[in-house]
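# Summary of the model geometry
Listed below, chain by chain, are the residues.
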Amino acid sequence: MASGQEISLFSGYNQKENRHTNYCLLLLKQLYEENPRFLAEALDGITGGEGDSVIGVQFRQQQKHGRTIPDGVIKQQAFTLFVETKNFDWFYDNQLERHLDALNDEHEGQKVLLALSKFEDGYDDEFEEIERLCREKYGGEVVFSALSFEEFLEAVRIDGLSKNLEDTVDELETYMDTENLLPDWKHMLDVCNCASNIEEQYDHNVYICPATGGSYSHKRCRYFGAYNDKHAQVVSEILGVVELDSKNPDEATVQWNNSDELSDESLIEEAIKRKYASRPNRTENARVFVLGELHDTRLKKDSKGGMINSKRYFDVEDFGAANAAQLAGALDGVGWSELE
């Protein structure tokens, strides 16, 4: 068995995936060195609570073991975590299955396989076969978890970290952002042609389009802009997007939830309420954008003619806006050509 390389600040890896893995493992190692409880909490977040992460040495007195009760016990639970990292969401089942087999052959204890990637559009259905193998072939003895780099950062931001470790987490986030490992949607603006129903945004804080593909498909974005009369005249945050089935109102699917305050259930309720308040008699399947507070702006289309397509995306990261109000102020008077 190859011994592998120690985790190091100076890894020397040429492949980006190996560097990403090294830095993530290095942070987990630092969590453990500061307090084993920190690593246990991080692993609990990484596995979604499916594991039983007891990290570090345990000290017990008068604890029964079989037919005997020793005066004292020092014990450490076995634990193995395999990490497979990809720059892009492109995993191969046969590679993951080999990892599962190797994990299953490990000693007793908790065994986890982690797939780490950017996962821009989610991963709900991507690993069905791997999850089935964990349940059926390995009887739940091996846990599989898919995690985005953003979710990894959330898992390691633990209450009680020292200032040095908090700074290290921030530095890892900066590295991930520089390497384009964090979601692009957080600084994207989706400007939609609302010339025929601009009142809908003002009256109900909602944008509705048919739940079809083609020109009505939308990439995940943080911000929404309503276009009318040669400019985007309002900007808001997109709290979430829900698809509603006209034939069965109970069939609703959350496409994405950008809100830290709304659960998926609350987002669906809000989408249904706003959709039927705005279009009570329309029966087509609907894609409903639940919008936050609207903020006036004037992002000008400074080329000839009107908006031909139904939507236009803009990367607004350079404006450094923390919210929709700041973005609206920064975009006021700006021409589209300045964002291209």
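See the structure shown above.
Residues numbered from 1 in each chain as written. Predicted model: local features only at pLDDT ≥ 70, side-chain atom pairs only at ≥ 80, totals over all residues. Heavy atoms only, no water.

Now for the overall build of the protein chain. A count of helices and strands for the protein chain gives nine helices and 13 strands. Across its three principal directions, the C-alpha atoms of the protein chain cover 80 × 45 × 40 Å. For the protein chain, buried positions account for 42% of its 340 residues. Carbon and sulfur atoms make up 44% of the accessible area of the protein chain, which totals about 18,900 Å². (Helix = DSSP H or I, 4+ residues; strand = E, 2+ residues; numbered from the N terminus. Buried < 20%, exposed > 50% of the residue type's maximum accessible area, 1.4 Å probe, protein only. Areas by Shrake-Rupley, 256 points an atom, 1.4 Å probe, with all protein chains shown as cover.)

When helix α9 (residues 324–331) is considered as a whole, its buried residues turn out to be Ala-324, Leu-327, Ala-328 and Leu-331. Mapping the buried residues of α9 onto a view down its axis gives an arc of 100°, with all of them on the same face. Structurally, the start of α9 carries an N-cap: the backbone nitrogen of Ala-325 is 3.2 Å from a side-chain oxygen of Asn-323. A positive phi of about 90° marks Gly-333, the residue just after α9. (Arc of directions from axis to C-beta. Polar contact = N/O pair within 3.5 Å; in protein donor to acceptor, adjacent residues only side chain to side chain.)

Let us now look at the sheet that holds strand β4 (residues 110–117). Ordered by their spatial adjacency, three strands build an open sheet running β3-β4-β5, and the pairing between neighbours is parallel. Strands at the two margins of the open sheet, each flanked by one partner only, are β3 (79–85) and β5 (142–148). Within this sheet the neighbouring strands show an average axis-to-axis angle of 20°, counted without direction. For β3 and β4, the ladder comprises seven bridges, and the chain directions are parallel. Across the sheet, the residue bridging to Phe-79 is Gln-110, located in β4. Where helix α1 (residues 16–34) meets the sheet, it contacts β3 and β4, and its direction lies at approximately 145° from that of β3. (Pairing = 2+ DSSP bridges. Axes fitted to C-alpha atoms, helices over the stretch in contact; angles between N-to-C directions. Contact = heavy atoms within 4.5 Å.)

With that settled, the discussion passes to a nonpolar patch on the surface. Among the surface-exposed residues, Val-57, Phe-59 and Ile-74 lie close enough to one another that they form a single nonpolar patch of about 330 Å² accessible area. On the basis of relative accessible area, Ile-74 is assigned to the exposed category, the value being 62%. (Patch = residues over 30% accessible without salt bridge, like charges linked within 9 Å, V, L, I, M, F, W, Y side chains within 5 Å. Salt bridge = Lys/Arg side-chain N within 4 Å of Asp/Glu carboxyl O.)

Looking at where Leu-182 falls in the secondary structure, it is placed in the loop between α6 (163–178) and β6 (188–193). Among the residues examined, Leu-182 registers a relative accessible area of 11% and is labelled buried. If we skip the residues at most four places from it in the chain, Leu-182 touches Lys-118, Glu-120, Phe-149, Glu-150, Leu-153, Glu-173, Met-176 and Asp-177.

Considering all chains together, one arrives at eleven aromatic pairs under this definition. Ring centres of Phe-119 and Phe-127 lie 6.1 Å apart, and the angle between their planes is 80°; on these two criteria the pair is classed as edge-to-face. The two residues Phe-119 and Phe-127 agree in class, both being buried. When the centroid spacing of 5.2 Å and the interplanar angle of 70° are considered together, the rings of Phe-314 and Trp-336 count as edge-to-face. One end of the pair, Phe-314, is in strand β13 (residues 311–315); the other, Trp-336, is in the segment after α9, with 22 residues separating them in the sequence. For the pair Phe-314 and Trp-336, one class covers both residues: buried. Among the aromatic residues, those joined into a cluster by ring pairs are Phe-91, Phe-119, Phe-127 and Phe-144. Its end group placed over the ring of Tyr-313, Lys-219 keeps NZ or CZ at 4.7 Å from the ring centre. (Phe/Tyr/Trp six-rings, centres within 6.5 Å; stacked < 30°, edge-to-face > 60°. Lys NZ or Arg CZ within 6 Å of the ring centre and 35° of its normal.)

Here the focus is the layout of surface pockets. Space inside the largest pocket adds up to approximately 1,600 Å³. Forming the walls of the largest pocket are 44 residues, and the residues nearest its centre are Glu-150, Pro-183, Trp-185, Lys-186 and Arg-220. For the lining of the largest pocket, the elements supplying multiple residues, two or more each, are α5 (149–156), α6, β9 (231–244) and β10 (252–257). A per-class count over the lining of the largest pocket returns 13 nonpolar, ten polar and 21 charged. (1 Å grid on protein atoms, 1.4 Å probe; cavity = no way out; pocket = protein on both sides within 12 Å on 5 of 7 lines; lining within 4 Å. Points joined across faces, edges and corners; volume = space filled by probe spheres on them. Nonpolar A, V, L, I, M, F, W, Y, C, P; charged D, E, K, R; others polar.)

Per the counting criterion, the structure on display carries one cavity of 30 Å³ or more. What lines the largest cavity is simply Cys-24, Leu-25, Leu-28, Leu-81, Val-83, Leu-114, Leu-116 and Phe-152. When contributions to the lining of the largest cavity are tallied by element, the ones reaching two or more residues are α1, β3 and β4. Of the residues in the lining of the largest cavity, the class split is eight nonpolar, no polar and no charged.

Taken as a whole and assessed by the stated rule, the structure comprises 16 salt bridges. Arg-222 is paired through a salt bridge with Glu-237; the nearest N and O atoms lie 3.3 Å apart. Separated by 15 residues along the polypeptide, Arg-222 in the loop between β7 (206–210) and β8 (223–228) and Glu-237 in strand β9 bring together distant segments of the chain. You can call Glu-237 partly exposed: its relative accessible area is 22%. Its salt-bridge partner being Arg-274, residue Glu-270 comes within 3.0 Å of it at the nearest N-O pair. Residue Glu-270 and its partner Arg-274 are located together in helix α8 (residues 264–278), separated by four residues, close to a single helical turn.

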